[in-house]
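Below, each chain spelled out in residue letters.
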Amino acid sequence: MLDALVVGAGPSGSRTAWNLAKAGYETTILEKSKAVGEPCQCAGLITPRTFDYLGYRRPVLQEMNGARLWGPEESSLDFQASETKALVIDRPDLDKSIANKAVDSGAELLDSHTFLGFERRDNYVRATVRGGEGKIEIDAKLVIGSDGPASMVAKCAKLNSKREVLAAFGADVKGYKGRENHVDLFVGSELAPRFFGWGIPTGPSEGRIGLATVLPHRPKTFFRDYFRKGAPSKLLGNAKIVNLISGLIPFGTRNPSYTDNVVLTGDAAGMAKPTSGGGIYSGLISADAAFEVVDKALQKETFDSKTLSPYQDLIKKRIGGELSKGSHLRRAFLSLNDKQLSEIISILGEPKVKEAIEKTGDLDYASLAAFSVLKAQPKLVKFAPLLLKPFI
């Protein structure tokens, strides 16, 4: 019998498996794809902090120290920081590297295996899995659900909670006219309603573009328009699509993210940041928290909900506060119309406000910039007073 069955070989799942295997626990990772990290469902933008937390580095395609913001009514703004704010990476490479760490530490990786469900037995679970030779059953003391926004583990464990889910669509392109070391961001109802679009340089005349939005809006429709009109078309011109990217982004932490014999991590637990949609760093934090709780449960041979409950407190303490502040900022953003967005972009261009953004902007901790920007220009509160007052 396994100590832990980890479902999903993304960063949070492989990190959890790595921790467990390193501690000597018999661990198996299930990955439904034949190749870990494929197909890519991520823009591949992380902070340098992510590598620091991970404990090792992988190749970096570009270092980002600036951004161009494109908004409604032809509004725009350039930011230039004095330090690297983000790194463009090969996301499949990162996923593979963490999975390899887990395997090197003793975990088993079963690719092309799909988790179908589980039944609880006496202090363990029996999972049903479909592999290349049909269905098999795997017994494990614990199941770690790291299987993304549409988590089958969460569904089977009845860990349901109301969440906002965005659909993202994008592509790697050749012929992208981006600015070196700068990310392009697109906001407004005609470019990316209810979220934003992005353009990320990945090499000479190469980039990764896309957007995310919510139903009934379809990201693919807006993506096509990026080549024909508005600010994105100025940067794309005759760019050619090399590879398509799509995925889901869930907002809202599942509470609880555990039950008898089950713990959820990463996007399955709702670790994506409401301000950027990124979830690698916060997912790794959830993985380490899961290991700490699961380690104690395995030592006690007790896997009930009460024993696993400290997990929720750990993720709340370590990243939950920032995710909650991010939710406030997102609700403030959703309350804005195009005219207000254009006015805000103009205010953000004021020297003291722009300086605050360039100094404190942080993909992982957007609330830091929110605090400093509102301190520099308190009149921004008028755009969403009830939601933004906590940041003053």
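Owing to the predicted nature of the structure, the values given are computational and were not obtained by experimental measurement. (Residues numbered from 1 in each chain as written. Predicted model: local features only at pLDDT ≥ 70, side-chain atom pairs only at ≥ 80, totals over all residues. Heavy atoms only, no water.)

Brief notes about the overall build of the protein chain
We apply this condition: We count a stretch as a helix when DSSP gives it H or I for four or more residues in a row; a strand needs E for two or more, and each element gets its number in order from the N terminus. For a compact globule the rule gives 2.2 Å times the number of residues to the power 0.38, and the radius of gyration it is set against comes from C-alpha atoms. A 1.4 Å probe rolled over the protein chains alone gives each residue an accessible area, and that area as a share of the maximum for its type sets the label: buried under 20%, exposed over 50%, partly exposed in between. We call two residues contacting when some pair of their heavy atoms lies within 4.5 Å. Here the open area of atoms and residues is found with the Shrake-Rupley method and a 1.4 Å probe, where only the protein chains shown may cover a residue. Residues counted as positive are Lys and Arg, residues counted as negative are Asp and Glu, and His and the chain ends are not counted. For the purpose of locating charges, the reference atoms are NZ of Lys, CZ of Arg, CG of Asp and CD of Glu.
A tally of regular secondary structure across the protein chain gives 13 helices and 18 strands. Since a compact globule built from 392 residues should have a radius of gyration of about 21 Å, the 21 Å found for the protein chain is in line with a globular shape. Dimensions of the protein chain, computed from the C-alpha atoms along their principal axes, are close to 60 × 45 × 40 Å. Sorting the 392 residues of the protein chain into buried and exposed places 56% on the buried side. In the protein chain, the proportion of contacts linking residues at least 24 apart, taken out of those at least 6 apart, comes to 71%. Only carbon and sulfur atoms are counted for the fraction: they give 50% of the accessible area of the protein chain, which is about 17,400 Å². For the protein chain, the distance from the average site of its 53 positive side-chain charges to the average site of its 45 negative ones is 5 Å.

Some points on the sheet that holds strand E14 (residues 197-203)
In plain terms, the rule: Paired strands are those between which DSSP finds at least two bridges. Between N-to-C directions, angles span 0 to 180 degrees; the directions come from axes that are lines fitted to C-alpha atoms, helices contributing only their stretch in contact.
If you trace the 7 strands from one edge of the open sheet to the other, you get E6-E5-E13-E14-E15-E12-E16, paired in mixed fashion. Looking at strand neighbours, the two that pair on one side only are strand E6 (76-80) and strand E16 (240-251), the edges of this open sheet. Averaged over all pairs of adjacent strands, the angle between their axes in this sheet comes to 20 degrees, without regard to strand direction. Judged from the 5 bridges that link them, strand E5 (residues 66-70) and E6 form a sheet pairing that is antiparallel. Along E6, the bridge assignment pairs Arg68 with Asp78.

Quick notes on the pattern of salt bridges
This is how it is decided: Think of a salt bridge as a Lys or Arg side-chain nitrogen and an Asp or Glu carboxyl oxygen that are within 4 Å of each other.
Under the defined criterion, the tally for this structure stands at 22 salt bridges. Residue Lys382 pairs with Glu343 through a salt bridge whose shortest N-O separation is 3.3 Å. Residue Lys382 is found in the loop between helix H12 (366-376) and helix H13 (385-388), and its partner Glu343 is found in helix H10 (residues 338-348); the two are separated by 39 residues along the sequence. A relative accessible area of 33% means that Glu343 is categorised as partly exposed.

Considering the packing of helix H1 (residues 11-22) against helix H3 (residues 91-104)
Worth spelling out the cut-off: For this classification, under 35 degrees means roughly parallel, over 145 means roughly antiparallel, 65 to 115 means roughly perpendicular, and everything else is oblique. Crossings are classed by handedness, with left-handed meaning an anticlockwise turn of the near helix from the far one by less than a right angle and right-handed meaning a clockwise turn.
The contact between H1 and H3 brings their axes to 7 Å, and the two run at 20 degrees. When the axis of H1 is compared with that of H3, the two are roughly parallel. The interaxial crossing formed by H1 with H3 has left-handed handedness. Every residue of H3 that contacts H1 at Pro11, Ser14, Arg15, Ala17, Trp18 and Ala21 is listed here: Arg91, Asp95, Ile98, Ala99, Lys101 and Ala102.

Observations regarding the nonpolar core
The condition is simple: Residues grouped as a nonpolar core are buried Ala, Val, Leu, Ile, Met, Phe, Trp, Tyr and Cys residues, joined through side-chain atoms within 4.5 Å.
One finds Leu30, Leu54, Val262, Val263, Leu264 and Tyr311 to be the most contacted residues of the largest nonpolar core, which totals 67 residues. Considering every element that reaches this core, the biggest residue donor is helix H7 (residues 280-300), with 11 residues. Residue contacts for Leu264: discarding those within four places in its chain leaves Gly145, Ser151, Val153, Ala154, Leu159, Arg254, Ser257, Ala269 and Tyr311.

Structural notes on the packing of aromatic side chains
For any pair of aromatic rings, geometry is given as the distance between the ring centres together with the angle between the planes. Our working definition: Aromatic contacts are taken between Phe, Tyr and Trp rings whose centres are within 6.5 Å, Trp giving its six-membered ring; a plane angle under 30 degrees counts as stacked, one over 60 as edge-to-face, and the others as tilted. Note on criteria: charge over ring means Lys NZ or Arg CZ within 6 Å of the ring centre, with the direction from the centre no more than 35 degrees off the ring normal.
Within this structure, the stated rule accounts for 10 aromatic pairs. What links up through ring pairs into an aromatic cluster is the set Phe195, Phe196, Trp198 and Phe251. Here Arg49 stacks its cationic end above the ring of Tyr281, 5.7 Å away from the centre of that ring. A cation sits over an aromatic face here: Lys101 above Tyr56, 4.5 Å from the ring centre.

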